[in-house]
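The residues making up each chain are set out below.
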Amino acid sequence: MNKVLENLTGVDKLTDQVIASDMLIFAKTGVTTYAKAITEAATPAVRNVLKKQLDEAISYQEQLSSYMMKKGWYNAYDMNAQINADLTQSQYVMEQIKK
């Protein structure tokens, strides 16, 4: 399994932090995509469905970012701390790639 993971990601070990960070990126992308889709919706019925999906996507993103903040993995209100966390995580990934 580690070889498959390494082939897919470039690293042989994913941490919970890496997985959560990827999930947060995708959650934020989902929110943006739903918002854009609402502006392009052809009918009120489609807009209503997309608005419900947008609300769920926002809720998921909030839950995930709160979880990550509690773990110290995401510093939404402290840019310097977030930059340091990103650098540390990047260094970890680079070390894993070198192995």
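In case you missed it, the structure is sitting above this.
Remember, it's a predicted structure, so these values are computed and weren't measured experimentally.

A. A look at helix α3 (residues 44-71). The terminal C-alpha atoms of α3 lie 40 Å apart, and with 28 residues this matches the ideal 40 Å at 1.5 Å per residue to within 8%. All of the buried residues along α3 are Leu50, Leu54, Ala57, Gln61, Leu64, Ser65 and Met68. Its buried side turned inward, α3 meets α2 (16-40). With its phi angle positive at about 85°, glycine 72 sits one or two positions after the end of α3.

B. Representation of the packing of aromatic side chains in the model. In the structure shown here, the tally under the stated rule is one aromatic pair. Judged by centre distance (5.9 Å) and plane angle (80°), the rings of tyrosine 67 and tryptophan 73 are edge-to-face. The class of tyrosine 67 is partly exposed, set by a relative accessible area of 39%. The exposure class of tryptophan 73 is buried, given its relative accessible area of 16%.

C. Representation of a nonpolar patch on the surface. A cluster of nonpolar side chains, namely Leu14, Ile19, Met23 and Tyr60, defines an oily patch on the protein surface of about 310 Å² accessible area. For leucine 14, the position within the fold is in the loop between α1 (2-9) and α2.

The rules we used
- Residues numbered from 1 in each chain as written.
- Predicted model: local features only at pLDDT ≥ 70, side-chain atom pairs only at ≥ 80, totals over all residues.
- Heavy atoms only, no water.
- Helix = DSSP H or I, 4+ residues; strand = E, 2+ residues; numbered from the N terminus.
- Expected span 1.5 Å × (residues − 1).
- Buried < 20%, exposed > 50% of the residue type's maximum accessible area, 1.4 Å probe, protein only.
- Contact = heavy atoms within 4.5 Å.
- Phe/Tyr/Trp six-rings, centres within 6.5 Å; stacked < 30°, edge-to-face > 60°.
- Patch = residues over 30% accessible without salt bridge, like charges linked within 9 Å, V, L, I, M, F, W, Y side chains within 5 Å.
- Areas by Shrake-Rupley, 256 points an atom, 1.4 Å probe, with all protein chains shown as cover.
- Salt bridge = Lys/Arg side-chain N within 4 Å of Asp/Glu carboxyl O.

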